[in-house]
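# Understanding the architecture of this molecule
Below, each chain spelled out in residue letters.
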Amino acid sequence: MSSNLAAAERGQVVTVERVGGERAFRRRLMELGLVPGTRVELVGVAPLGDPIELLVRGACLSIRRAEAERVAVVAVEAARESQPNSTRLEPELEARSAM
Amino acid sequence: MSAEACHEPSPKPAPPTHPTPRRLVVLVGNPNVGKTTLFNRLTGQNARVGNYPGITVERRSGELALGDDGVAEVVDVPGAYSLAARSPEEQLAINSTLGIGGFERPDLVVAVVDAGQLIRNLYLVLQLAELRVPLLVVLNMIDEAGEARPDPAAVSELFAAPTVATNARSGEGIEALRAEIGRRLSETGEARVDLPYPPDLRSALDRVADALPAGWRKNVERDRALALWALSSIDPDDELDSIPPALRERCLDVQRDLSGRDLDLEVIGARYAFLDAHADRIFGRATRHPPKHAGSARLDRVLLHPLFGFMAFVGIMLVMFMALFSWAEPGIASIEAAFRALGELAKARLPDGVARDFLTDGVIGGVGNVVVFLPQILLLFLFIGLLEDSGYMARVAYLMDRIMRALGLHGRAFVPMLSGFACAVPAILATRTMERRRDRLLTMLVVPLMTCSARLPVYSLIIGALFPDRALLGFLPLGAVLMVGMYVFSMVMTLVAAAIIGRTVVPGRQVPLILELPPYRVPLLRGVLRMMVERSWVFLKEAGTVILACTIVLWALLAFPRAEAATVPPTAAAAAPSEAASKAIALEKSYGGRLGKSLEPALEPLGFDWKIGIGLIGAFAAREVFVSTLGVVYGVGAADDDTSPLRQRIKSETRADGKPTYSALTGLSLMVFFALACQCMSTLAVVRRESRSWRWPAFLFAYMTALAYAASLLVYQGGRLLGFG
């Protein structure tokens, strides 16, 4: 199912298909690891509805909806209800806390 | 942007007098990888803070002791995710690692990476290795990597660069790093990695490489990598600095020839494919997509919550604001008292004369005018340091982006704007937290419109003297309503000014937001305090000298020509009033007084007379000085604590025809003038220091004064037409 990143639900994991947008922005986003084939989780949405927070290769990045709409994605996993930030695949990494 | 520009001599030439040549080590890395903590660990207590030539980015450098081998200079290069650049700020990374564009060539590049986010961090390392720089890789925050601890040997082998694991916070691995830096400096060896770019891309790179200036070229691989940088960075509309026109033209040509292809995707995709392919060798597969730090995720669930998140935000900002507004007050008061006492002591000890007055009113007063900002500046930098180091500052931008974007401002502009309610000087220093020059300039140019605390004594004098002490609707005191009204007025004007200036004077496309929300970390107090002291010192040194000079000029304006002692013969009967009267006469006859008088025709349409004119000149030192200057003009003494005699005097002042000189309408006009005019030399001095040019303070002064004049004119003349005053 093809869609864009802005349409993803909170907690949903998607795979990047194509990154669009203005050149410098697009380049920077890809340099931060958002290249086609990368898994991205929509971690959250700012209280005022924009921007959104993404988890990309272990880093939390925030971009605005207008730009997220230009990132084509396919869903790999439905939104998880509870514990939006833990993953069942890598339980041992739960201990990786900075605090 | 001429070809000559890049062959200019290095802005910081190495002193040739050292017995052994001084070595240069640069620290590069992504933001939030603990680079500055590592820098502090390596250099101890001797950092120098300055600016990169031409742009307002802090350049921190220090000395690293290398045991028997002497010392090396270490430069902490601002954090970057990639070498590719579109602005002079982003260009720092490539210029300082390669030693091009007027920079000195480093003997060693130390790439600091976050071991917990290795693949993304290695993207930058990969670029450095492609460029064949002498490289050393530091896997920092090794403690956070936990079980997914990467293997330094594998990283070292991948890039042909020695690799050391450290934890800069605890100091683990620092001695090994220091030794490795020393070892690496004594040998010649360059990192290397070769990516399988397609042959036609390689030949395109060779075409670009032919256009590289001779000083940038080295060997085939490095030239190709630099050509790739140029091809990725140069655009028809980039803002890069000192790119030779020939290179720019060649890049645009080659881009046109390759127009059917997605060059950025090809290159970046190939780099990530390479890194992902080697991830297994560096560590287990699982960490390629590690989850969000669990502790940070838990905290964010509260701090970014629609309701609790905003409550926490308001709370944190309120504490910061209270600190600047109230907690700094005892410090400010005691500094003022100390300098007043020092001035009086000097006055009592020294013989009468110009030299004494110069020393007490000019020099001591001027130094006092500088030092008095320290409590607020220290506190603000303490807060900014804590907010940055804890990771919350990025959340401020995240929470506020929606609002600030509507005003054409960056999310990070929120902290400077809020600080502006206390004082524009620290607020302007706080604009450093923004990366883009355009965002910093825009914020700097509108922050002085916020109602700072120095305007309050002026407002309360005017309200007390010229407005009736009554209540609106039976319960709202008029004075309080006016005060709140002035705050609202200033906020509205700030937003309007931001919208207009952001579209005209400092236009710039709204850059799409890319914000990293780093994991929360407990700030290292030592590092925060160190930054706080360093930045405050820079303020004292650079803005302070300008403020001091302005104070002396202003003193001279109001003290010369010297009044003849004979003009007011002292009478024993009325010694005190005659002293006040003689001071008033001296002030009136001074250059400043004459200037105030000559301004009267211009000020009359606003409802002001020459006495207010002199007050406005005095207020340029700092707005609250208006009160004491008026006190001198009216011969009631420069009472700081009790303004009631002055208030009475202003109330009872009459014109030749017997009507009161000042009405409530005059008062309103005067308050509007103070709200908008740039009556503050310290603000101008700091804008000059932060923008590295006199152009911006000149513009700031001109536009604010014009705005103030127009608005006061509108208020006074409009009010009169409506039958007030």
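Everything quoted here is computed from the prediction, not taken from an experiment.

This part takes up the environment of Ala297 of chain B. When you line up the elements, Ala297 of chain B lands in helix H10 (residues 294-303). Overall, Ala297 of chain B belongs to the buried group, with 22 C-beta atoms counted inside 10 Å.

Residue and element names in this part refer to chain B. Each domain of chain B was delimited in the assignment, giving domain 1 (3-185), domain 2 (308-454 + 508-531) and domain 3 (535-721). Computed from C-alpha atoms alone, the centre-to-centre distance between domain 1 and domain 2 is 30 Å. Residue-level contacts link 11 residues of domain 1 with 10 residues of domain 2. Among the elements that take part in the side of domain 1 that touches domain 2, helix H1 (residues 35-43) stands out by supplying three residues, more than any other.

Between chain A and chain B, the contact holds 46 residues from the first and 48 residues from the second. If you list the elements that add at least two residues to the side of chain A that touches chain B, you get helix H1 (23-31), strand E3 (39-45), strand E4 (52-56) and strand E5 (59-63) of chain A. For the side of chain A that touches chain B, the per-class residue count stands at 21 nonpolar, nine polar and 16 charged. The sheet contact formed by E5 of chain A and strand E10 (residues 515-516) of chain B spans two bridges and is antiparallel.

Residue and element names in this part refer to chain B. Contact geometry of helix H17 (residues 437-446) with helix H19 (residues 478-501) gives a least axis separation of 9 Å together with a crossing angle of 140 degrees. Crossing of H17 over H19 shows right-handed handedness. Contacts between H17 and H19 involve Leu442, Leu445 and Val446 from the first element and Thr494, Ala497, Ala498 and Ile501 from the second. Residue composition of the contact of H17 with H19, by class: six nonpolar, one polar and no charged.

Turning to unusual backbone geometry, a few remarks are in order. Outside of glycine, negative phi angles account for most residues, and trans bonds account for most peptide bonds. Cis rather than trans, the peptide bond between Asp50 of chain A and Pro51 of chain A has omega equal to -5 degrees. Within the secondary structure, Pro51 of chain A is located in the loop between E3 and E4. At Met141 of chain B, a position not held by glycine, the phi torsion is positive, near 55 degrees. As for its placement among the helices and strands, Met141 of chain B is situated in the loop between strand E6 (135-140) and helix H4 (152-159). Note on Met141 of chain B: 27 C-beta atoms within 10 Å, which makes it buried. With phi around 45 degrees, Ser242 of chain B is a residue other than glycine that occupies positive phi space.

Criteria and cut-off values
- Residues numbered from 1 in each chain as written.
- Chains lettered and ligands numbered in written order.
- Predicted model: local features only at pLDDT ≥ 70, side-chain atom pairs only at ≥ 80, totals over all residues.
- Helix = DSSP H or I, 4+ residues; strand = E, 2+ residues; numbered from the N terminus.
- Buried ≥ 20, exposed ≤ 12 C-beta atoms within 10 Å, placed from the backbone.
- Domains from an automatic or database assignment.
- Contact = placed C-beta atoms within 7 Å.
- Nonpolar A, V, L, I, M, F, W, Y, C, P; charged D, E, K, R; others polar.
- Pairing = 2+ DSSP bridges.
- Axes fitted to C-alpha atoms, helices over the stretch in contact; angles between N-to-C directions.
- Left-handed = near helix turned anticlockwise from the far one by under 90°.

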